[in-house]
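Summary of the model geometry
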Amino acid sequence: MILLDTPPPDRHTLSEDIQGMMIGCTLVALSIQFLRASDLITGQIAGLALVVSYPTNITFGVAFFVLNLPFYWLAIRQMGWRFTVKNFVAVTSMSAMADLMPLVLRVEPLHPAVGAALFGLCAGMGLLGLFRHGATLGGVGIVALWLQDTRGIRAGNTQLAFDLCVFAVALFLFPWEIVAWSLFGAVILNIIITINHRNDRYIARS
């Protein structure tokens, strides 16, 4: 009898991928509502999309979708078409959900601490679900997964490093209290990813 050091990876079915990605997109879209209710920002491409949407008539969903377009080139070159298509579907779905959700769900103004915590928890679990089904929400997520798969650098650490740079710039644009609470939410998000998204613990593939 041959003993394997590790069990062969289970593969997700198409229906499992669809439900996992839709749940992930829904949780992230919900997290955006908590940010808006607290007048907070976040890092990565979602943060840039929020910054664009606040003073303009451009919705978050449209800004998020457009800002992600350049990253598909990296996804195609480094991760393949299957991964790229999943990312496109996830970005498009989350963009639509984030814009449509306020039509059916109203979130009252929240204290920044509560809004940041709820954002971090929902976005962290949503992104974790997407990662485990071979997708991201584009942008830095693509780079983070690529570095984890090829260099062994934890995806959560890559995202947090990028977020720290974004928030450093944000200090010149927003009151420091807003930046501090927003960073709190980003830390919660990335801690969830760092602790739970590990190749040595979860090896299911799509």
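Refer to the structure above for everything that follows.
Right, let's walk through the structure included here. (Residues numbered from 1 in each chain as written. Predicted model: local features only at pLDDT ≥ 70, side-chain atom pairs only at ≥ 80, totals over all residues. Heavy atoms only, no water.)

Remarks on the packing of aromatic side chains
- Per the stated rule, a full pass over the model turns up 4 aromatic pairs.
- For the ring pair Phe-65 and Phe-88, a centre distance of 5.8 Å and an interplane angle of 70° mean the geometry is edge-to-face. Of this pair, Phe-65 sits in helix 3 (residues 60-68) while Phe-88 sits in helix 5 (residues 81-100), and the two are 23 residues apart along the sequence.
- Accessibility expressed as a relative area gives 25% for Phe-65, which makes it partly exposed.
- On the basis of relative accessible area, Phe-88 is assigned to the partly exposed category, the value being 40%.
- Here the aromatic rings of Trp-181 and Phe-184 are separated by 6.0 Å at their centres, their planes lie at 75°, and the arrangement is edge-to-face. With Trp-181 and Phe-184 both in helix 9 (residues 176-196) and 3 residues apart, this pair spans about one turn of that helix.
- On the basis of relative accessibility, which here comes to 31%, the residue Trp-181 falls in the partly exposed class. (Phe/Tyr/Trp six-rings, centres within 6.5 Å; stacked < 30°, edge-to-face > 60°. Helix = DSSP H or I, 4+ residues; strand = E, 2+ residues; numbered from the N terminus. Buried < 20%, exposed > 50% of the residue type's maximum accessible area, 1.4 Å probe, protein only.)

A word on the nonpolar core
- In this structure, Phe-60, Phe-64, Met-94, Leu-127, Leu-130, Leu-137 and Ile-193 are the most contacted members of the largest nonpolar core, which totals 39 residues.
- For this core, the elements supplying multiple residues, two or more each, are helix 1 (14-38), helix 2 (44-53), helix 3, helix 4 (71-79), helix 5, helix 6 (112-132), helix 7 (140-151) and helix 9.
- Ranked by residue count, the leading element in this core is helix 6, at 7 residues.
- Among residues more than four places away in sequence, those in contact with Leu-130 are Met-21, Gly-24, Cys-25, Ala-90, Ala-135 and Leu-137.
- Counting 5 residues, the second largest nonpolar core, distinct from the first, contains Ile-41, Phe-167, Val-179 and Ala-186. (Core = buried A, V, L, I, M, F, W, Y, C linked by side-chain atoms within 4.5 Å. Contact = heavy atoms within 4.5 Å.)

Digging into the pattern of salt bridges
- Across all of its chains, the model carries 3 salt bridges by this definition.
- Measuring nitrogen to oxygen at the nearest pair gives 3.9 Å for the salt bridge that ties Asp-99 to Arg-36. One end of the pair, Asp-99, is in helix 5; the other, Arg-36, is in helix 1, with 63 residues separating them in the sequence.
- Taking relative accessible area as the criterion, Asp-99 reaches 25% and is therefore assigned partly exposed.
- The partner of Arg-106 in a salt bridge is Glu-108, and the shortest N-O contact between them spans 3.6 Å. (Salt bridge = Lys/Arg side-chain N within 4 Å of Asp/Glu carboxyl O.)

Describing the environment of Ile-178
- As for its position among the elements, Ile-178 is in helix 9.
- C-alpha of Ile-178 to C-alpha of Ala-113: the two residues are 65 residues apart in sequence and 10.0 Å apart in space.

By themselves, these observations are geometric and do not establish any function.
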